[in-house]
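# Observations on chain architecture
Residues per chain are reported as follows:
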Amino acid sequence: MSNSPKQENHSDSVIQLEDVSVCYRVPTESVGTFKEYMIRLVQGRIKHNKFYALQNINIDIKSGEIFGILGRNGAGKSTLLKVISNVLVPASGRVWTKGQISPLLQLGAGFHPELTGRENIYLNATLLGHKRKEIDEKIDEIIAFAEIGAFLETPLRTYSSGMQARLGFSVATAWQPDILILDEVLSVGDLEFQRKCFSRMASFRESGATVLMVSHEMKRVESICERAMWIEHGQIMAIGTAKDVCHNYKKSITK
Amino acid sequence: MIYDSAKRKPPAIEELLALFRYRDLIYQLVRRDIVARYKRSFLGIAWTMLNPLGTMVIMVIVFSQVFNTVESYPSYVLTGLICWTMFSQSTSFSISMMVWGSKLFQQIYLPRASFVVSTILASMVNFLLSLVPLFLILVITKTPLGWSLLLLPFSMILILTFSMGFGFLISTLAVFFPDVEQMYPVLLTAWMYMSPIIIPIEFLEDVFNGWLLKLNPFYYVLNIFRIIVLNNSVPNFLDWGLAVLVSFGILIIGWLVFTKKADSFAYYV
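Let me begin by describing the structure that accompanies this report. Quantities reported herein were computed from a predicted structural model and do not represent experimental measurements. (Residues numbered from 1 in each chain as written. Chains lettered and ligands numbered in written order. Predicted model: local features only at pLDDT ≥ 70, side-chain atom pairs only at ≥ 80, totals over all residues. Heavy atoms only, no water.)

This next bit is on the packing of helix H7 (residues 152–176) of chain B against helix H8 (residues 180–193) of chain B. Residues and elements named next belong to chain B. Closest axis-to-axis distance for the H7/H8 pair is 10 Å, and the angle between their directions is 140 degrees. When the axes of H7 and H8 are compared, the pair comes out oblique. Note on packing geometry: the crossing formed by H7 with H8 is right-handed. Together, Phe 162, Phe 166, Ile 170, Leu 173 and Ala 174 of H7 and Val 180, Tyr 184 and Trp 191 of H8 make up the contact between the two elements. In terms of residue class, the contact of H7 with H8 is built from eight nonpolar, no polar and no charged. (Axes fitted to C-alpha atoms, helices over the stretch in contact; angles between N-to-C directions. Helix = DSSP H or I, 4+ residues; strand = E, 2+ residues; numbered from the N terminus. Parallel < 35°, antiparallel > 145°, perpendicular 65-115°, else oblique. Left-handed = near helix turned anticlockwise from the far one by under 90°. Contact = heavy atoms within 4.5 Å. Nonpolar A, V, L, I, M, F, W, Y, C, P; charged D, E, K, R; others polar.)

The next subject is the environment of Ile 224 of chain B. Residue and element names in this part refer to chain B. The residue Ile 224 is located in helix H11 (residues 217–229) in this model. Distance from Ile 224 to Thr 172, taken between C-alpha atoms, is 28 Å for residues 52 residues apart in sequence. Not counting chain neighbours up to four residues away, the residues in contact with Ile 224 comprise Ser 155, Pro 235, Asp 239, Trp 240 and Ala 243.

So, about the sheet that holds strand S8 (residues 235–241) of chain A. Residues and elements named next belong to chain A. The five strands lie next to each other as S5-S6-S3-S7-S8, forming an open sheet whose pairing is mixed. The sheet is open, and its two edges are formed by strand S5 (179–182) and S8, each paired on a single side. The sheet shows a mean angle of 15 degrees between the axes of neighbouring strands, direction not considered. Bridge count between strand S3 (residues 66–70) and strand S7 (residues 227–232): four bridges; the pairing is parallel. What sits directly across from Phe 67, in S7, is Arg 227. Against the sheet, helix H8 (residues 242–254) makes contact with S3, S7 and S8, and its axis sits at roughly 140 degrees relative to S8, the strand it touches most. (Pairing = 2+ DSSP bridges.)

Our focus in this paragraph is the interface of chain B and chain A. Taken together, the contact between chain B and chain A spans 39 residues of the former and 48 residues of the latter. Between chain B and chain A the total buried area reaches about 3900 Å² when both faces are included, carbon and sulfur atoms providing 60% of it. Per-residue buried area on chain B facing chain A is highest for Tyr 3, Gln 107 and Tyr 267 of chain B; these three make up 19% of the total on that side. The interface formed by chain B and chain A includes two salt bridges. One salt bridge in this structure joins Asp 4 of chain B and Arg 94 of chain A, with 2.4 Å as the shortest N-O distance. (Buried area = accessible area lost by both parts, 1.4 Å probe. Salt bridge = Lys/Arg side-chain N within 4 Å of Asp/Glu carboxyl O.)

Let us now look at the side chain of Asp 24 of chain B. Along the chain, Asp 24 of chain B turns up in helix H2 (residues 23–39). Look at Asp 24 of chain B: it is buried, it has no salt bridge, and the nearest opposite charge is Arg 23 of chain B at 5.0 Å. Beyond its immediate stretch of four places on either side in the chain, Asp 24 of chain B contacts Thr 126, Lys 131 and Arg 132 of chain A. (Buried < 20%, exposed > 50% of the residue type's maximum accessible area, 1.4 Å probe, protein only. Lys, Arg positive; Asp, Glu negative; His and termini not counted.)

With that out of the way, let us pick up the nonpolar core. In terms of nonpolar packing, the biggest core is built from 114 residues, with Ile 121 of chain A together with Phe 87, Phe 127, Phe 168, Ile 198, Phe 218 and Phe 225 of chain B touching the most fellow members. The element that contributes the greatest number of residues to this core is helix H4 (residues 73–105) of chain B, accounting for 15 residues. Setting aside residues up to four positions removed in sequence, Ile 121 of chain A forms contacts with Ile 135, Ile 139, Ile 142, Ile 143, Leu 152, Leu 167 and Val 171 of chain A. In terms of nonpolar packing, the next biggest core, distinct from the first, is built from 30 residues, Val 20, Ala 53 and Leu 88 of chain A together with Tyr 267 of chain B among them. (Core = buried A, V, L, I, M, F, W, Y, C linked by side-chain atoms within 4.5 Å.)

The next thing to look at is the packing of aromatic side chains. Centre-to-centre distance and the angle between the planes together describe a pair of aromatic rings. In total, this model carries 26 aromatic pairs over all chains according to the counting rule given. Between Trp 84 of chain B and Phe 87 of chain B, the ring centres sit 5.3 Å apart and the planes meet at 55 degrees, which makes this aromatic pair tilted. Separated by three residues within a single helix, Trp 84 of chain B and Phe 87 of chain B lie in helix H4, roughly one turn from each other. Grouping residues by exposure puts Trp 84 of chain B and Phe 87 of chain B together as buried. Here Phe 176 of chain B and Phe 265 of chain B contribute two aromatic rings whose centre-to-centre distance is 5.9 Å and whose plane-to-plane angle is 65 degrees, an arrangement assigned as edge-to-face. Taken together, the residues span a long stretch of sequence, with Phe 176 of chain B in helix H7 and Phe 265 of chain B in helix H12 (residues 237–265) at a distance of 89 residues. Considered together, Phe 176 of chain B and Phe 265 of chain B belong to a single accessibility category, that of buried residues. Linked through ring pairs, Trp 100, Phe 105, Phe 115, Phe 168, Phe 176, Trp 255, Phe 258 and Phe 265 of chain B together constitute an aromatic cluster. In this structure, Arg 200 of chain A packs its charged tip against the face of Phe 145 of chain A, placed 3.8 Å from the ring centre. (Phe/Tyr/Trp six-rings, centres within 6.5 Å; stacked < 30°, edge-to-face > 60°. Lys NZ or Arg CZ within 6 Å of the ring centre and 35° of its normal.)

Turning our eyes to something else, we now look at the pattern of salt bridges. As enumerated under the stated definition, the model contains 13 salt bridges over all chains in all. Between Glu 153 of chain A and Arg 118 of chain A there is a salt bridge, with its nearest N and O atoms 3.0 Å apart. Taken together, the residues span a long stretch of sequence, with Glu 153 of chain A in the loop between helix H4 (132–146) and helix H5 (161–172) and Arg 118 of chain A in helix H3 (residues 117–127) at a distance of 35 residues. Among the salt bridges present, the one from Asp 33 of chain B reaches Arg 32 of chain B, with a minimum N-O distance of 3.1 Å. There is no split in this pair, since Asp 33 of chain B and Arg 32 of chain B are both buried.

Here the focus is the pairing of S7 of chain A. Residue and element names in this part refer to chain A. Burial analysis of S7 places five of its six residues in the buried class, the great majority of the element. As defined by bridge partners, S7 adjoins S8 across six bridges and the pair is classed as antiparallel. Note that in S8 the partner of Glu 232 across the bridge is Gln 235. Connecting S7 to the antiparallel partner S8 that follows it, the hairpin turn spans two residues, and His 233 within it adopts a positive phi of roughly 50 degrees.

Right, let's get into H5 of chain A. Between its first and last C-alpha atoms H5 of chain A spans 16 Å; for twelve residues at 1.5 Å apiece the expected length is 16 Å, and the two agree. Restricting attention to buried positions, one finds in H5 of chain A the residues Met 163, Arg 166, Leu 167, Gly 168, Phe 169, Ser 170, Val 171 and Ala 172 of chain A. (Expected span 1.5 Å × (residues − 1).)

Here the phi dihedral of Asp 19 of chain A falls at roughly 50 degrees; this positive angle occurs in a residue that is not glycine. When you line up the elements, Asp 19 of chain A lands in strand S1 (residues 13–27). One non-glycine residue with positive phi stands out, namely Phe 208 of chain B, at about 50 degrees. Turning to its location among the elements, Phe 208 of chain B is positioned in the loop between helix H9 (201–205) and helix H10 (211–214).

This is a description of form; function is not addressed.
Written out as structure tokens, the structure reads:
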């Protein structure tokens, strides 16, 4: 990076993106198989189109902020989240984050049906990057929150889907993140459990976690967030106070 | 905990450090593989041992009819089969593990090498279990057993290393091209018949002036195993050297290729 002096400028920032672009190489004709690829390679017929999922994104989010991200489907919202959580490495630009980011993992992905609830807790939590010691400390809390009590030592395949979702949520949120990503509306288990989920999210927020809220519901963004951005075709259309951005976004939709 | 995409080390080193940080995950994945494989089937462990035995019996019957085979053919086939099973099974599993794991590393950060590493390590358990029928046959056929067997762990590590390296290569390819998963069994079958696994080595020694064997990397690692178990002797310096060169060479190449491509995995699959 040529402009490395910028790194000193992190004062209470938690997320900084500098000129971040993400580029998918889309083959002009779909070449899905190795066989086809080899044939085309010999024929010299492999061409790629570049498709920018994100283009020159610059944002700086401070600690404790509640930041909204608006945009239509396919605008690049989830690509942006993936870049922030180090799932995608950008084609160019720089991503800098500080602190633990709440996982974007689909609840219960990585569970194994043959393992018991307890074994799955360890498996899932290590997938999320936690050490065994950390899990030992939290396991009672995870079990209690998931309300799986008697089923703890039985294989996961005997669980109802609601129980699996509860267990997944319980593991994913057992550790307080510094950056909380709220992607879609939580719809886990019954109403009672949903209430518990919301209160856990609220407690994260209150204890000072930075929140990234992704939504296409303007009203929620406007009422909860202080600042927001609106992206379209991978580019920032507007960034500023939530009110202004929502106003602009609304105008573009009704147009 | 700071992540800065501008300050990353070379991928081969970065991934190695990440793997170390996620060592508890690797332990959990290995454990999961083993538990899941043996939990539900009462005969799970028994099958691991019976499979190579069964194949051996068939091969002995077939080949003793077709050729005037070597006298110690049963133990020859068995040593070949269990080493080959370790290699072919663990590499095939690492492809399917990468396919499974891709669902995860499209959503969260994980050292992507952990899937291959854990699969190969879990396969070692099978490898160890399959030594039981081997020694059974060695005793039955009155093959002399000696001190050279103390070297067996080293030779098994060479097969492990070789499998891991090749596992990295083939699963990198499989991420980019889904049909590799379908092609690989065919490749393995072809490879097996070109290797001295069930085909008596005498039949391969003269093919293309011996180049068929010389160019087959698996031959070198298997060779060590056979010298130790069947000849009951210590492999010479050249045999060791070649086997170490081949297996660690493949591991290093596999690691470099895998880690270089690992960042783009999330863009595919």
